[in-house]
Amino acid sequence: ASFKLAFGFLSDNLPIGGYRRKSYMFIGWLVTSLSMFVLLMGSNLSLERHEEFDEETQQMITVTVPDEDSPSVGFFSSCVLLFGTGFWFADVMGDSIVAEKAKLEPESSRGHLQSTCYACRFFGLMVAAPFSTVFYSTYGPAVVIKIMGLLPFCMLPLVYNFWEVRDAEVKGTREQCGEIWNTVCSRAVWQPMGFVYLYNILQVGNAAWREFLRSVLNFTANQLNALLIAAYVLLYLGIMAYKYYFIKWSWRTVYVFTTLLNGVFSMLQVLLIQGITFGLSPFVFALGDDAFADFISGIQFLVSFI
């Protein structure tokens, strides 16, 4: 994701076959698909399950062990890196197309195209989370990797038939940078964007939170997956809430409202650490706390994009 700016400049300045978006999107999805197929064919992704006696709990537990021919850390990391690079390459092209089409929206409906696209995107995340959990638990990682290779491959015919103006006028890099600089120098741009940047950079995430839930509160893998699924559902609902309701609010009001709510849910995390859950189980308490925090993130997400 850190290379998104470079990907955008590359497509703007070096069209392939006369196309600035279509060709790069095709390459991105192709790399994404091939990386997963290489991982699938170059290693054994099957898992072996057997029973072991746990001396701590004095019970028999099921232990999952990877095969001897499982992928090495280097090979697996390289495939995932290629997958992510191809995905973000295609994603940048998709964002560029949406941004270009959004300029054609009338003032009365400004922002609806982008909010609809992101609503579809997060709907896909919401649906994929429970399905991937079930597939992984039932069939193992090989099936998940196959799906991750097939879905991008299915995008290739759609991208091939996508209509785009061929041999469109391409501005030089110096001219593009000059336009960006002139835009950034406008107070109507740098002031709100500077605030959004500082606001987001000061949102320090708690990277150890999931480890706390697992090692201290003894959340199981299924409970952690349930938290993830609930988070994606409420993230999608937050996007929809902004699309149909909060889009009418000013961005200042949205940030003030969501910041106050974030403060409330941050205090609830402190209560959970202290063991104060008002009679609820830690899992139910964390489910409401973590999930609604993602609902707030969904509301905030589109403000900086539209």
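Residues numbered from 1 in each chain as written. Predicted model: local features only at pLDDT ≥ 70, side-chain atom pairs only at ≥ 80, totals over all residues. Heavy atoms only, no water.

(A) Representation of the overall build of the protein within the structure. Within the protein one finds eleven helices and two strands. From first element to last, N terminus to C terminus, the protein shows the α and β order α-α-β-β-α-α-α-α-α-α-α-α-α. Each of the three principal axes of the protein carries a C-alpha extent, and together these read 70 × 50 × 30 Å. Among the 306 residues that make up the protein, the fraction classed as buried is 30%. In the protein, the share of contacts with a sequence separation of at least 24, taken over all contacts with a separation of at least 6, comes to 73%. A total accessible area of about 18900 Å² is found for the protein, and carbon and sulfur atoms account for 67% of it. In the protein, which carries 19 positive and 24 negative side-chain charges, the distance between the mean positions of the two groups comes to 15 Å. (Helix = DSSP H or I, 4+ residues; strand = E, 2+ residues; numbered from the N terminus. Buried < 20%, exposed > 50% of the residue type's maximum accessible area, 1.4 Å probe, protein only. Contact = heavy atoms within 4.5 Å. Areas by Shrake-Rupley, 256 points an atom, 1.4 Å probe, with all protein chains shown as cover. Lys, Arg positive; Asp, Glu negative; His and termini not counted. Charge placed at Lys NZ, Arg CZ, Asp CG, Glu CD.)

(B) Quick look at helix H1 (residues 4-13). If you check which residues of H1 are buried, you get Phe-7, Gly-8, Ser-11 and Asp-12. Buried residues along H1 cover an arc of 130 degrees about the axis, so they all sit on one side. For H1, the elements touching its buried residues are helix H2 (22-41), helix H3 (73-102) and helix H6 (173-184). (Arc of directions from axis to C-beta.)

(C) Region of the structure containing H3. Its 30 residues place the ends of H3 42 Å apart at the C-alpha level, agreeing with the 44 Å of an ideal helix rising 1.5 Å per residue. For H3, every residue scored as buried is listed here: Cys-79, Phe-83, Gly-86, Phe-89, Ala-90, Asp-91, Val-92, Met-93, Ser-96, Ile-97, Val-98 and Ala-102. Buried-residue contacts for H3 involve H1, H2, helix H4 (112-139) and helix H5 (141-160). (Expected span 1.5 Å × (residues − 1).)

(D) View of the packing of helix H9 (residues 221-244) against helix H11 (residues 282-301). The interhelical angle for the contact between H9 and H11, taken along N-to-C directions, is 35 degrees, at an axis separation of 7 Å. For the pair H9 and H11, the sense of crossing is right-handed. On H11, the residues that touch Gln-223, Ala-226, Leu-227, Ala-230, Ala-231, Leu-234, Leu-235, Leu-237, Gly-238, Ile-239, Ala-241 and Tyr-242 of H9 are Phe-283, Ala-286, Leu-287, Asp-290, Ala-291, Phe-292, Asp-294, Phe-295, Ser-297, Gly-298, Ile-299 and Phe-301. Here the residues of the contact of H9 with H11 are counted per class, giving 18 nonpolar, four polar and two charged. (Axes fitted to C-alpha atoms, helices over the stretch in contact; angles between N-to-C directions. Left-handed = near helix turned anticlockwise from the far one by under 90°. Nonpolar A, V, L, I, M, F, W, Y, C, P; charged D, E, K, R; others polar.)

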